[in-house]
Amino acid sequence: MQHDEVIEVAKHKTLFDQAGIRVPVPPYPQVELAVDKHRMAKLAKEHGIPTPETYLVSEIDLSDIEPKIAFPLLTKLRGSTGQRGQKRVHDLAELQAHLRLLLREYPEDEIILQEHVPGAVQDTMYTVGLIYNHNHELRACVPLKKIRSRPFTGGTAICTRAEDRRDVREMAVGLMDCLGSWEGIADVEIKVDPRDGQPKFIEVNPRPWGSMYGAFV
């Protein structure tokens, strides 16, 4: 399943309930929040969970951006999947040129600018798979170290290794607690910052993760 399918099921969850069908998907407001990279970054920050600095293009003055986010930085779409709209830019001129292209298709409040956490995917990225039952109880939590991804710069993991990384696991569970009573599957992306060795929350996907097979050890 991808974001779109989960969103549609969540929108109609009450219809399933009325038919006696229990779907392992949270209510729509939770799913809507989870897929919004900007709102999730703010939520994490409010709860003291380390996360890259993140701003909407509509709320930041590009001429005064560097005191807030240093270059290189990332452009992203707040609700995208598969790195659509994502690009690492290295200076103001490159950022302005890329934004001109994005703004042809997307409004300012759909584009986010985010601090780039350095480090190669194979050295720093974790996908944490979590499963909650219908009573909102956590039944499984597995940190999966990304070994390879498609594309190689980041994205869907195609090779992973399960690791007993307590700090990464606790951050993922803490982040899900911020979302409220969850039900079903979640995939929390976390990157370990090589500058201080600390994990940073990147995003959460309310769906099965592509490398789920890596959780079987």
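Keep in mind it's a predicted model, so treat the numbers as computed, not measured.

(A) Examining the sheet that holds strand β2 (residues 73-77) more closely. With respect to topology, 4 strands assemble into an open sheet ordered β1-β4-β2-β3, the strand pairing being antiparallel. Strands at the two margins of the open sheet, each flanked by one partner only, are β1 (54-56) and β3 (87-89). Sheet twist, expressed as the mean angle between neighbouring strand axes with direction ignored, is 30°. Lying on the sheet, helix α4 (residues 37-46) is in contact with β1, β2 and β4 (111-115); it crosses β1 at an angle near 135°.

(B) Just unusual backbone geometry, in detail. A cis amide bond links F71 to the next residue, P72, at an omega of -5°. Although it is not a glycine, H136 sits at a positive phi angle of roughly 65°. On the basis of relative accessible area, H136 is assigned to the partly exposed category, the value being 37%.

(C) How the structure looks around the side chain of R207. As for its placement among the helices and strands, R207 is situated in the segment after β9 (198-205). One buried charged residue, R207, forms no salt bridge at all, with the nearest opposite charge on D187 at 4.3 Å. Side chain to side chain, R207 and H3 meet in a polar contact 3.2 Å long. Among residues more than four places away in sequence, those in contact with R207 are M1, Q2, H3, V6, I185, A186 and D187.

(D) Quick look at the pairing of β4. Most of β4 is tucked away: 4 of the 5 residues are buried. As paired strands, β1 and β4 are joined by 3 bridges and run antiparallel to one another. In the strand pairing of β4, L56 is matched with I112. As judged from the 5 bridges shared by β2 and β4, these two strands associate in the antiparallel manner. Paired with L77 across the strands is I111, a residue of β4.

(E) Expanded view of helix α5 (residues 92-102). If you check which residues of α5 are buried, you get L95, H98, L99 and L102. In a view along the axis of α5, the buried residues occupy a sector of 105°, so they form one face of it. Opposite the packed face of α5, turned more than 90 degrees from it, sit the exposed residues A93 and R100.

Rules behind the numbers
Residues numbered from 1 in each chain as written. Predicted model: local features only at pLDDT ≥ 70, side-chain atom pairs only at ≥ 80, totals over all residues. Heavy atoms only, no water. Pairing = 2+ DSSP bridges. Helix = DSSP H or I, 4+ residues; strand = E, 2+ residues; numbered from the N terminus. Axes fitted to C-alpha atoms, helices over the stretch in contact; angles between N-to-C directions. Contact = heavy atoms within 4.5 Å. Buried < 20%, exposed > 50% of the residue type's maximum accessible area, 1.4 Å probe, protein only. Lys, Arg positive; Asp, Glu negative; His and termini not counted. Salt bridge = Lys/Arg side-chain N within 4 Å of Asp/Glu carboxyl O. Polar contact = N/O pair within 3.5 Å; in protein donor to acceptor, adjacent residues only side chain to side chain. Arc of directions from axis to C-beta.

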